[in-house]
Each structure stands twice: as structure tokens, then as C-alpha cells.
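Structural description and commentary
Okay, here's what each chain looks like letter by letter:
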Amino acid sequence: MSSDNIHAHYADHLRTAMQRADTALARGGFDHLVIPSGTLHYQAFDDRDYPYAVNPNFKFWLPLTNAPGSWLVYTPGQKPRLIFLQPHDYWHVVPSDPSGAWVEHFDIVVIRTADEALQHLPDASARTAILGEPQSALGNVIPNNPQAVLAYLDFHRAFKTPYEVAMIRLATRRGVRGHRAAERAFRAGASEFGIHLAYCQAVGQDSAELPYGNIIGLNEHGAVLHYMDRDRVPPRPSRSLLIDAGASHNGYACDITRTYSATNDDFQSMINAVDMAQRAMCDQVRNGTDYRQIHLDAHLALGRILKDFGVTTVDAETAVETGVTSAFFPHGIGHGIGLQVHDVAGFAETDAGGTLDKPDGHPYLRMTRVLAPGMVVTIEPGIYFIDMLLNELKDKGLAGSIDWAKVEAFKPYGGIRIEDEVVCTDDAPINITRETWSEIA
Ligand code: GLY
Ligand code: MN
Ligand code: MN
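Conventions we followed
- Residues numbered from 1 in each chain as written.
- Chains lettered and ligands numbered in written order.
- Predicted model: local features only at pLDDT ≥ 70, side-chain atom pairs only at ≥ 80, totals over all residues.
- Heavy atoms only, no water.
- Buried < 20%, exposed > 50% of the residue type's maximum accessible area, 1.4 Å probe, protein only.
- Helix = DSSP H or I, 4+ residues; strand = E, 2+ residues; numbered from the N terminus.
- Pairing = 2+ DSSP bridges.
- Donors = N, O, S within 2.8 Å, 3.2 Å for Na, K, Ca; no water.
- Tetrahedral: all angles 85-135°; square planar, octahedral: opposite > 155°, others 65-115°.
- Near = heavy atom within 4 Å.
- Polar contact = N/O pair within 3.5 Å; in protein donor to acceptor, adjacent residues only side chain to side chain.
- Areas by Shrake-Rupley, 256 points an atom, 1.4 Å probe, with all protein chains shown as cover.
- Nonpolar A, V, L, I, M, F, W, Y, C, P; charged D, E, K, R; others polar.
- Contact = heavy atoms within 4.5 Å.
- Axes fitted to C-alpha atoms, helices over the stretch in contact; angles between N-to-C directions.
- Parallel < 35°, antiparallel > 145°, perpendicular 65-115°, else oblique.
- Left-handed = near helix turned anticlockwise from the far one by under 90°.
- UniProt positions renumbered as here; feature names shortened; annotations may be inferred.

Considering the pairing of strand β7 (residues 240–249)
Residues in a regular strand point their side chains to alternate faces of the sheet. Most of β7 is tucked away, with ten of its ten residues classed as buried. Across the two faces of β7 the burial is the same, with Ser240, Leu242, Asp244, Gly246 and Ser248 and Leu241, Ile243, Ala245, Ala247 and His249 all buried. Where β7 lies against strand β8 (residues 252–261), ten bridges are found, and the strand directions are antiparallel. Bridge pairing in β8 links Leu242 to Thr259. Counting the residues that bridge the hairpin from β7 to β8 gives two residues, and of these Asn250 lies at a positive phi of roughly 50°.

Some remarks on the coordination of the manganese ion (ligand 2)
Here the manganese ion (ligand 2) is held by Asp255 (OD), His335 (NE2), Glu380 (OE) and Glu419 (OE), and the distances to it run 2.0 to 2.2 Å. What the six donor atoms of the manganese ion (ligand 2) show is an angle range of 51 to 157° at the metal, which sorts the shape as irregular. For the manganese ion (ligand 2), the single-chain donor residues occur in sequence as D-x79-H-x44-E-x38-E. The metal-metal distance between the manganese ion (ligand 2) and the manganese ion (ligand 3) is 3.3 Å, with Asp255 coordinating both.

A word on the coordination of the manganese ion (ligand 3)
Coordination of the manganese ion (ligand 3) by the protein involves Asp244 (OD), Asp244 (OD), Asp255 (OD) and Glu419 (OE), with metal-donor separations of 2.1 to 2.4 Å. For the manganese ion (ligand 3), the six donor atoms are set out with angles of 57 to 169° between them, so the coordination reads as irregular. The sequence pattern describing where the donors of the manganese ion (ligand 3) fall on their chain is D-x10-D-x163-E.

Re the site of ligand 1
Taken together, the residues surrounding ligand 1 are Tyr212, Asp244, Asp255, His335, His342, Arg366, Glu380 and Glu419. A distance of 3.0 Å separates an oxygen atom of ligand 1 from a polar side-chain atom of His335. Protein burial of ligand 1: of its 190 Å² of free accessible surface, 95% is covered by the chains. For the shell around ligand 1, the residue count by class is one nonpolar, two polar and five charged.

Looking at the environment of Met367
Secondary-structure assignment places Met367 in the loop between β10 (353–355) and β11 (376–379). Between the alpha carbons of Met367 and His342 there is a distance of 9.4 Å; along the sequence they are 25 residues apart. Beyond its immediate chain neighbours, meaning those up to four positions away, Met367 contacts Tyr291, Arg292, Gly334, His335, Gly336, Gly346, Phe347, Met375 and Val377.

Let's talk about the packing of helix α6 (residues 266–282) against helix α7 (residues 291–308)
It is at 10 Å that the axes of α6 and α7 come closest, and there the two elements cross at 155°. In terms of orientation, α6 lies roughly antiparallel with respect to α7. Here α6 runs over α7; the crossing is right-handed. Each of Met270, Ala273, Val274, Ala277 and Met281 in α6 lies in contact with α7, whose residues at this interface are Ile294, Ala298, Ala301, Leu302 and Ile305.

Remarks on helix α3 (residues 147–157)
Counting buried residues along α3, nine of its eleven residues qualify, which places the element largely inside the surrounding structure. Among all positions of α3, only Val149, Leu150, Ala151, Tyr152, Leu153, Asp154, Phe155, His156 and Arg157 are buried. Along its buried surface, α3 packs onto α1 (3–28), α2 (56–59), β5 (128–130), β9 (348–350) and β10.

Here we look at the UniProt feature "binding site: Mn(2+) 2" (unreviewed entry) in the protein
Summarizing the sequence annotation, UniProt attributes the feature "binding site: Mn(2+) 2" (unreviewed entry) to Asp244, Asp255 and Glu419 in the numbering used throughout. Judged by maximum C-alpha separation, these annotated positions cover 176 residues in sequence but sit close together in space, the widest gap being only 8.0 Å. The topology assignment puts Asp255 in strand β8. With relative accessibility at 3%, the residue Asp255 sits in the buried group. Discounting residues that sit within four places of it in the chain, Asp255 has contacts with Tyr212, Asp244, Ala245, Gly246, His335, Ile337, Val341, Thr378, Glu380, Glu419 and Glu421. At a separation of 2.7 Å, a polar atom in the side chain of Asp255 contacts the side chain of Tyr212.

As for the sheet that holds strand β3 (residues 81–85)
The sheet built from five strands is open, its strands ordered β4-β3-β2-β1-β5 with mixed pairing. The open sheet has two edge strands, β4 (107–111) and β5, and neither has a second partner. Taking each pair of neighbouring strands and ignoring which way they run, the sheet shows an average axis angle of 15°. Packed onto the sheet, α1 meets β1 (32–36), β2 (71–74) and β5 and runs at close to 70° relative to β2.

The following block contains the structure:
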């Protein structure tokens, strides 16, 4: 997409943001919307700050991800206002002057100290919805996070504007470059830490800029769902790599997982089988489909793969019913993605509130909504060889459902996960990850 197009899409996006805010404020009985960008957090008993993470409600309005102490003020019918903190500070680099095509859409007030914002925020007696964390409170401007306002905004944030899809695509371009570099590093024998560095170098982002901590597991480490240890020395042999790593663009995330075997062995064949099943699951991302159904169908598909590879001795239906597939696939099929890698409102029943339950026996599913055009979700099935969960199967009397020799053969490879981001449309789904991968390759 050309930069002119992105500017036009941004203008439309901002209009959508204002329309949504108009309705959300009306529903809650408020006259103003105020969103602090957030402040730095400090380590206990220390003067060191944690990496700053901007309030997602703030970055929905404008692509400013590194401006702590700033505020967005919106009053229906008026141009939105940015109160921009640019302190006099010789210890740190101060946020540079706002620039870019978004600037013309805001009235911008520059302040030099955090407290100055108070002069530019609606009076405490005004009916104001203030969306932020408690520590963003400034004087008597205290975040109240009204339920009616947040329920409306969060619910609708699942529906991405074309601008947002473009931002996720740009994040994905970076992520795919990183994944390609990571595969090369793995095949050259790098350690987990070395693969991480190769990834960051290719993405052009440091750990704190990534939307989540890289998960880079060689061999058995692929079985630890959120493995973050990054050994400095490569194992010998280095059999397999599971890498779940994203990238950011203007505050938007991508979330991609790939798994590789070092040689063309049975584990690679199982990766290929999961890959093929995953593509079929991505094709289920269609208007009107209940996301829970994709998750439940994934259990059946993975149950078939486990049976085909001789890991289980029972048919897929039985493996699902008895909970055997849950020992191999113990997480959800995915989640919404956008400003946050795990986007808000995955369980929202309506834009006024309510919760859509997870299916019984599936506590880790992060999204239960019916898919509709504009939603962007991940699809991330996996098969892992996790001692703790396999031992639980034995305890439940299900040892006979498993060929334990096969489990022992696969265990040194850890596990498999394949994850793409998919856009739901009126028509066929768009797999942003695979499209981008083909473009770059
Ligand atoms: N990277 C975390 C996830 O896939 O949800
Ligand atoms: Mn994910
Ligand atoms: Mn992931």
C-alpha cells in the first residue's frame, strides 16, 4: 500500500475512532473522552524503570508509542486534542516533535512537565470517561474506566479498519524477515540466544519493541509453551526449532510461529501434516463461523494426525472425547490480534457487556466470538510432547490410548506449532502471514 493510501486510510480510521467514541460516550452518559498515554513503571525499591508500554486505548487513536505522560482529549463534535509531553530533560532523549500525516488531524498542545497537562484536561466537574491505569491519575483526573464505554470500545476494536489491517501487514513484513533469518541461523547451528539475535537484527527491533517476548526453543524446549530462557550454547545435535516471534509497526502486532526439523525425518513429516491441517483451519475463518468451532474441529484434525503417526492408538473422535488430544494440544486455537498481541474482548457477547463461555474442558481458549468481516485472528494449532500432561493421561487410566515408544521417539523434538494471522472478510479469508511470506520469498 502506498503512503498516500495509508494516509487516506488513517483519516478514515480516525473518523471511525470518533464515531465509536461518540456512541460509547453517549451510552455511558459522558461528554468527554480522556486517555492518558501512561507513565513509566519502576522496579520495587529501585530507580530503574521497566520498558514503557503505551496505553492501547491511546495508540488506537494515533501512532505514538513512545510518549509517556501525554494525553488524548476528545469531545464529540470537536477536533481531537493531543496534550504532548516533551520535557526539558538532558538525561534522556525527549520525544521528538509530532510528525507524520496524522498530525494535521489533531490540535496539539506541547507541555514541558507532566503536571501541566491538568490545565488542558476537562474540568473535574465535567462528565468525563477517563480510560487508563490507576497510576496515570493526575490531580483529580483519575481514570474511571466506565464499564459501558469500555465494553463498547473493546467489542468494536475486534473489527479492524483497513488502516489497522495495513499496520498488521507491515508488522508482519518485519516478522517474516525475522523468521527467515531465524531459520537460517538454526540451520547454521546457532544457539537459542543466537537465533534470537539474528531475529531481532532482521526485524530491526530490540526485545522491548517486540509485541511479546520471543519464544525460541531448540529440541525439547519446543514443548514448553512459553519457553523464554534462550540458552547461550547450542545443543548437540540441534534437531528442531520452534520459534514463536512477532514484530510491531506503529503500535500494531504480528504473531507468527514456525517449526523446523534439521533433517527430513518423521518429525518433519509431522510438521508438514500440522501445516496442511493448519491451512484448512485458516480457511474456516469466515463470516458467521463460531471461533469455538474452529478450536473444537482442530482437536479432531490433530487427533487424526496423532493416529496417522502412530502416537495414539484410538481414533480421533475417541481421543477428543477422552481428553487425549488435550494432552498434546493444551492451548487455544488462537486469539484476536491488533494493538495487543492478545487483543481485548475475545469473550465479549455484545457491545454492552456479557461473556461468551469457553467450551467445557477448554480453559485456555482466548476467543469465543462469532467471526465477522474485519476481525483478525491467529490460527495456531500445535502438537507437543509434555511429560506432565502425558503422565496425567496415565493417571486417568488412558495409558492404552498411547504408543509410548512413539512418544519417546518424538519427545527429543519438543513440539510443533504453526501460527498465522488471518483476516475474516465477506468472502474468502486472507492469510496475511502466508501472503507476506510468499511476497518476501
Ligand atoms: N505468542 C503468543 C501466542 O501465540 O499467543
Ligand atoms: Mn498467538
Ligand atoms: Mn504466537
